Amino acid sequence: MKILHVCSELYPLLKTGGLADVTGSLPQALTKLGADARVIVPGFPAFLNGVISKKLISKIPDKFSATDINLYYGHIPNSEVGIYIIDAKNLYDRPGNPYQDDKGVAYPDNHRRFALLGYLAFLLATGIDDCWKPQVIHGHDWHSGLACAYLRAHEFCTGFKLAGSIFTIHNLAYQGIFPQSIFTELELPDEFYDINGLEFYAQVSFLKAGLFFADKITTVSPTYAIEIQGEEQGCGFNGLLSNRKYDLRGILNGVDKNVWNPETDKIISQNYSNKAIAGKLFCKTTLQEQLGLAIRNDAPLFVVVSRLTEQKGLHLILSELPTIMKLGGQFVLLGSGDEVLENAFKDLAKLHPKSVSVKIGYDENYAHQIIASGDVILVPSRFEPCGLTQLYGMLYGTLPLVHKVGGLADTVIDCTLENLADNSATGFVFEKFNIESFNAALRRAFALYDKKANWKSVQKHAMRQDFSWVNTSQQFMLLYEQVRSL
Ligand code: ADP
């Protein structure tokens, strides 16, 4: 089975969030099942410089204002997965992250940048690489949405279907919306600018192109698949999604154990496992020392690794940080994003240097260190499609404290008395998205921390959870079989 993943970021070459972790792992997991999975990405400098054994596949005529377009094929280091890279310097060779300039402003020609990504994925399905043609195109988030539209446009115009298509929603809040005026630039049939197409409230949505034209839609947890069919979390797409509910599946993300595994992780201060956990305390003490926090094992260490956005419920943490300190806890945060949140956390760290430490920025190694060193990882998101840090937390014996929503609800089992009694608890879950409910969960975490034997048994159970990609990739293979071309 030949599968082409279409995406804008991929770990370890380029990452801004959980999407990259998934696009870095899923194709590898599919390869292990015998599939021939490849990836296509825009030619951002991190990709062009990061791949190995790069060779030219095809020169592409100018398109969407891109000139001198070259399609390369290479390999991701330490991986069997092949990667196509669209080298189009005037669209992709820019500072900043894949979507915004270095001042955080979205590039004004993003519609062209990501139309080209979708178009080249489609061209691969027409056979522009003599050696390889996908049977399924699997797009990730709005950046890839037009791949599904170009495939369908070809079918619409010729009656011939080139490849099956799957579209995965990693976060419905990012919708790739552009003014109607850009539609003609996309070179799609006029009929596609329609409520049954990629028109969205008199604008163009690349996300909607994926949702409407893909053969099947998946999202990253079963609960989120249900939530997005309702008004509260549907972001305006709930009608479309509930109409397509038989084509929509929630498939939980996995964790790459080659990257996130406390037994083998080369980044953390000392390795440990659920059978020999002493190294975890060493990690905590080392971090406390490095950060100038009071070196105290009796102080539960609460950690956060997150984009600082409204989605992540960080205002709950800001309100309850005094409670954490009053009850004798410590707090360490790594994150970047909203300036107001950044400043609020920085101010608290200045006021309480022995118990609060805040690092603003993006730092993959430090993320591993603090997840290994923490006792509790806080993920109080307002909504959360899947969430990965709570999974990493569990595998590292850092109990997650989460809002019962989306993938958080699907993966963490609360420390209620009955769950403690039957040994199923893996963390702390609060139901209502408010300060009282969050505060109660925090106090449950402190209470359990005082009962060392109970804490250890929950920790060990959390570390034994299986979030491997095996099950997830098998579910995708079944879907690919349903939509593939021959
Ligand atoms: P989202 O994709 O919404 O950001 P996820 O929990 O699905 O949230 O994935 C976040 C990923 O990004 C995790 O791998 C997490 O470790 C990483 N991450 C988030 N913020 C940072 C940061 N400031 N530095 C390093 N890694 C980060």
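Throughout, a residue's number is its position along its own chain's written sequence, starting from 1. Local features in this predicted model are restricted to residues of pLDDT 70 or higher, and side-chain atom pairs are both shown and tallied only at a pLDDT of 80 or more, whereas totals for entire chains, interfaces and linings draw on every residue. By convention in this description, side-chain values take in all heavy atoms of the structure and omit both hydrogens and water.

Explain the environment of Q330 to me, using residue names and the numbers behind them.
Along the chain, Q330 falls in strand β14 (residues 330-337). Look at Q330 and you get buried, because its relative accessible area is 2%. Along the primary structure Q330 and L301 are separated by 29 residues, whereas in three dimensions their C-alpha atoms are 4.8 Å apart. Filtering out sequence-adjacent residues up to four positions away, Q330 remains in contact with Q288, L293, A294, A299, P300, L301, F302, I324, K354 and S355. Here Q288 takes part through its side chain, which lies 2.8 Å from a polar atom of the side chain of Q330. Put simply, DSSP marks the helices as runs of H or I at least four residues long and the strands as runs of E at least two long, and each gets a number from the N terminus on. Relative accessible area decides the class of each residue, using a 1.4 Å probe on protein chains only: under 20% of the type maximum gives buried, over 50% gives exposed, and in between gives partly exposed. We call two residues in contact whenever any of their non-hydrogen atoms come within 4.5 Å of each other. Definition of a polar contact: a pair of N or O atoms within 3.5 Å, with one able to donate and the other able to accept a hydrogen when the atoms are protein atoms, and with sequence-neighbouring residues admitted only if both atoms are side-chain atoms.

Quick one: what's the story with helix α17 (residues 452-463), residue by residue and with numbers?
The length a helix should cover is 1.5 Å for every residue beyond the first. Here α17 is 12 residues long and its end C-alpha atoms lie 16 Å apart, about the 16 Å a rise of 1.5 Å per residue gives. Turning to α17, its buried residues number three or more, namely W455, V458, Q459, H461, A462 and M463.

So what's going on with the sheet that holds strand β10 (residues 203-205)? Residues and values would help.
The sheet built from 3 strands is open, its strands ordered β8-β10-β9 with antiparallel pairing. The two strands at the open ends of the sheet, each matched to only one other strand, are β8 (177-179) and β9 (199-200). Alignment of β8 against β10, held across 3 bridges, turns out to be antiparallel. Bridge assignment links F178 to a residue of β10, and that residue is V204. A fitted line through C-alpha atoms serves as each axis, taken over the contacting stretch for helices, and the angle formed by two N-to-C directions is quoted from 0 to 180°. The strands touched by helix α6 (residues 206-213) within the sheet are β8, β9 and β10, with β10 carrying the most contacts at an inclination of about 60 degrees. Two strands are counted as paired when DSSP detects at least two bridges linking them.

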